[in-house]
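Read off the chains here:
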Amino acid sequence: VKQGEFVALLGPNGAGKTTFLRILASLSRPTFGEVRVSGYALPAQAAAVRARLGVVTHQPLLYGDLTAEENLRFYGRMYGITDLHQRINEVLDIVGLTLRRADLVRTFSRGMQQRLAIGRAILHDPEVMLFDEPHTGLDQEACDMLDGLLREVAGRGRTVVMTSHDLARVEDLATRFD
């Protein structure tokens, strides 16, 4: 995948799409071959790779006993984001959770947790974004928000790799299908 490409990995359940993303995210090791992300080799340079990734998986990877804002602040500090308060405001607005910023994540619906997980993934404006079936659990409004966001980040030259089993959902988004 070249820098700035938006690639959709299509296939039925069990085809290996999630496994491939887990390898790219340095969460699983390949059984053979070489994997590089942004020029860094995995698994040897996994920390450098992770710093450049935004990842949305099937699990939201959020802390239920923290608020939406506290979750973003936690992750923002991990990435050393400057002007974090402003960036959190921007991200909450993008994902449509501004009014729920002070609510505990455990009170969120699955779709709201997915929105916040998307916000967490874009918080540090990563070079490479990995989205594993990101439309799962989202209502139509949230799907439209995600599609707009994906177009916007891809338009800024960010690399996006997204898995899906729904060609109709991704055919207007991706520049390449595999």
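Residues numbered from 1 in each chain as written. Predicted model: local features only at pLDDT ≥ 70, side-chain atom pairs only at ≥ 80, totals over all residues. Heavy atoms only, no water.

Q: Quick question: what am I supposed to make of helix 1 (residues 17-24) here?
A: In an α-helix there are 3.6 residues to a turn, and that puts residues three or four apart on one side. If you check which residues of helix 1 are buried, you get Lys-17, Leu-21, Ile-23 and Leu-24. Here the buried residues of helix 1 occupy an arc of 155° about the axis, which is enough to place them on one side. (Buried < 20%, exposed > 50% of the residue type's maximum accessible area, 1.4 Å probe, protein only. Helix = DSSP H or I, 4+ residues; strand = E, 2+ residues; numbered from the N terminus. Arc of directions from axis to C-beta.)

Q: Please clarify how the nonpolar core should be interpreted in this entry.
A: Generally speaking, nonpolar side chains in soluble globular proteins are found buried as a group. Phe-6, Leu-116, Phe-131 and Leu-150 are the most contacted members of the largest nonpolar core, which totals 38 residues. Listed by contribution, the elements that provide at least two residues to this core are strand 1 (6-10), helix 3 (68-78), helix 4 (84-94), helix 5 (110-122), strand 5 (128-132), helix 6 (140-155) and strand 6 (159-164). Of all the elements, helix 6 adds the most residues to this core, at 8 residues. Counting residues in hydrophobic clusters, the runner-up holds 16 residues, among them Val-7, Leu-9, Val-37 and Leu-53. (Core = buried A, V, L, I, M, F, W, Y, C linked by side-chain atoms within 4.5 Å.)

Q: Quick question: what am I supposed to make of the pairing of strand 6 here?
A: Walk down a regular strand and you will see the side chains alternate between the two sheet faces. In terms of burial, strand 6 is largely enclosed, as 6 of its 6 residues are buried. Residue alternation in strand 6 divides its side chains into two sets, Thr-159, Val-161 and Thr-163 and Val-160, Met-162 and Ser-164, and both sets are buried. Relative to strand 6, strand 1 runs parallel, the two sharing 5 bridges. Within strand 6, the residue paired with Leu-10 across the bridge is Ser-164. Note on the crossover from strand 5 through helix 6 to strand 6: the handedness is right-handed. (Pairing = 2+ DSSP bridges. Right-handed = clockwise from strand over helix to strand, strands pointing away.)

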